[in-house]
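# Inside the fold
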Amino acid sequence: MKLPSLNFQILLAAIIGVLVGMYFHTLGTEHQLVSVGLYTAGLAGTFFIDLLKMILIPLVFCSISVGIANLRAHQQMHRVWVTTLIYFTATMMIAIGLGLLVANYFKPGSGLHIMMFADAMQNFEAKQVPLSAFFAQFLHGLFVNPFAALAQSNVLAVVMFALILGVALVVGGERFNHLRNLLQEALDVTMLIVGWIMYLAPLGVMALLIQLVAVQDITMLSTLVKFVTVVIGVLLLHGVVILPLVLYVFTGKTPLWLVRGNREALLTAFATSSSSATLPVSLRCATQQLNVKPEIAGFVLPLGATINMDGTALYEAIAALFIANLVGIELSFVQQLIVFFTAMIAAMGAPGIPSAGMVTMVLVLQSVGLPAEAIAILLPIDRLLDTLRTTVNVQGDIVGSLVVQKMTLQTPKSLHTNT
Ligand code: ASP
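## Let's talk about the overall build of the protein
The helix and strand inventory of the protein stands at 19 helices and 0 strands. The buried share among the 419 residues of the protein stands at 54%. Considering only contacts within the protein whose residues lie at least 6 apart along the sequence, 84% involve residues at least 24 apart. Surface summary for the protein: the accessible area is close to 18,600 Å², and the carbon and sulfur share equals 70%.

## Observations regarding the nonpolar core
Note on soluble globular proteins: their nonpolar side chains tend to be buried together. Membership of the largest hydrophobic core comes to 133 residues, with the highest contact counts inside it found for F227, I323, M361 and L378. With 15 residues, helix 2 (residues 32-69) is the largest single contributor of residues to this core. When neighbours within four sequence positions are excluded, F227 is seen to be in contact with P108, Y315, I318, A319, F322, L378, I381 and L385. Listed in part, the 7 residues of the second largest apolar core include F24, V34, I210 and A214.

## Details of the site of the ligand
Close contacts around the ligand come from 15 residues, with S275, T312, G357, D386 and R389 the closest. A distance of 2.9 Å separates a nitrogen atom of the ligand from a polar atom in the backbone of S273. At 2.6 Å from an oxygen atom of the ligand is found a side-chain nitrogen or oxygen belonging to T312. For the ligand, the protein covers 100% of the area, taking 270 Å² as the surface of the free molecule. Top element by residues in the shell around the ligand is helix 18 (residues 375-409). It accounts for 4 residues. Residues of the shell around the ligand, tallied by class, amount to 4 nonpolar, 9 polar and 2 charged.

## Some thoughts on the environment of L203
Of note, L203 is situated in helix 9 (residues 201-215). Its relative accessible area of 45% is what places L203 among the partly exposed residues. The spacing of L203 and F47 is 156 residues in sequence and 9.9 Å in space, taken between C-alpha atoms.

## Some points on the pattern of salt bridges
Under the defined criterion, the tally for this structure stands at 3 salt bridges. For the salt bridge of R389 with D382, the shortest nitrogen-to-oxygen distance reads 3.0 Å. One connected set of salt bridges, linked through shared partners, spans D382, D386 and R389.

## Quick word on the packing of helix 2 against helix 13 (residues 275-289)
Relative to each other, helix 2 and helix 13 sit at 65 degrees, their axes nearing to 8 Å. Crossing handedness for the pair helix 2 and helix 13: left-handed. Across from L52, I55, L56, L59, V60 and S63 in helix 2, the residues of helix 13 making contact are S276, A277, L279, P280 and L283. Classifying every residue of the contact of helix 2 with helix 13 gives 9 nonpolar, 2 polar and no charged.

Each value, and the rule that gives it
Residues numbered from 1 in each chain as written. Predicted model: local features only at pLDDT ≥ 70, side-chain atom pairs only at ≥ 80, totals over all residues. Heavy atoms only, no water. Helix = DSSP H or I, 4+ residues; strand = E, 2+ residues; numbered from the N terminus. Buried < 20%, exposed > 50% of the residue type's maximum accessible area, 1.4 Å probe, protein only. Contact = heavy atoms within 4.5 Å. Areas by Shrake-Rupley, 256 points an atom, 1.4 Å probe, with all protein chains shown as cover. Core = buried A, V, L, I, M, F, W, Y, C linked by side-chain atoms within 4.5 Å. Near = heavy atom within 4 Å. Polar contact = N/O pair within 3.5 Å; in protein donor to acceptor, adjacent residues only side chain to side chain. Nonpolar A, V, L, I, M, F, W, Y, C, P; charged D, E, K, R; others polar. Salt bridge = Lys/Arg side-chain N within 4 Å of Asp/Glu carboxyl O. Axes fitted to C-alpha atoms, helices over the stretch in contact; angles between N-to-C directions. Left-handed = near helix turned anticlockwise from the far one by under 90°.

See below:
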């Protein structure tokens, strides 16, 4: 008997995961079936994430260095760089702008008094990080001994070193052909392993969703309903309308075509809440199903998984306004502008791992003098919202690879330099 496609299996697994999680939730965590079920789901989910993490660093390293090395012609490399950065910045700005607009209109949090959350807030002590220190830390973390960075899974530093190595391979030209070929083979073999790991994706996705839904604090959620609705609404607006529109305008590709090609990646992002863990799957979808050239995907996607986070950026902006409303502070236009830019830096600085945005959220709150402790209010619902914002982050990266490919490789000029 032929098994249904992997796509379908993952989708089915996700639905089953949510349903079983809801059932477990109604039984309560004390129930024996639930504790055994959650233990097993915990093992299976961690196993899947461990496998993705295992392959992540070799993959990031090879795909970025090979991606750049293959963009041989200097001029073309320059264009890919510039287009990618413009795309990342512009889409994040749109995302934050949307978030602020909608949050100003609906004012989530006004009326709820922050004292309601006094308990939650007392149990949590936020780390105080001033903007200047955060920025210095961010810069300091960019350049690290590559061997240490590889060994410690320091994704941002690995990305930076791979970028530099890629440029050196381009500049060195023919002389470094052996090394370039070696890295290319390393990348191919890594992708083969990714394919094997993906066979386990349905199981992993199901296990992760069971856990997530079963332990979610639903009472807290109902108090924060308006905020959650606004966040989900804007995330959907950006992920389902704006990004596909950008894709359509620049490449003429339809949303249906996009979702057919990238749903494996979106579902993995949803279940793992980690852009980095999803990267192997995003690369596979982009190169094998959406026809993105490996050198473009190998550059845009790993970089995007670390710095391009539309979902996180818009979430941080809405959350800052929400907290301001809770404490009864009306943020002025200038303060909102500060939120705008710090949300962008905070999203770029957040690594692609679960709840990373929550940590850098402190920066946004403090930039306008809001109490950092207030993130205690957001923590209980963070895992829930992280699923969707990570999905939007990954959607943004994949659309980015398609737009960058269209803008850089298919113009007559670059085709000319390419030959
Ligand atoms: N989990 C997100 C990601 O990996 C980051 C965040 O918003 O926490 O893209």
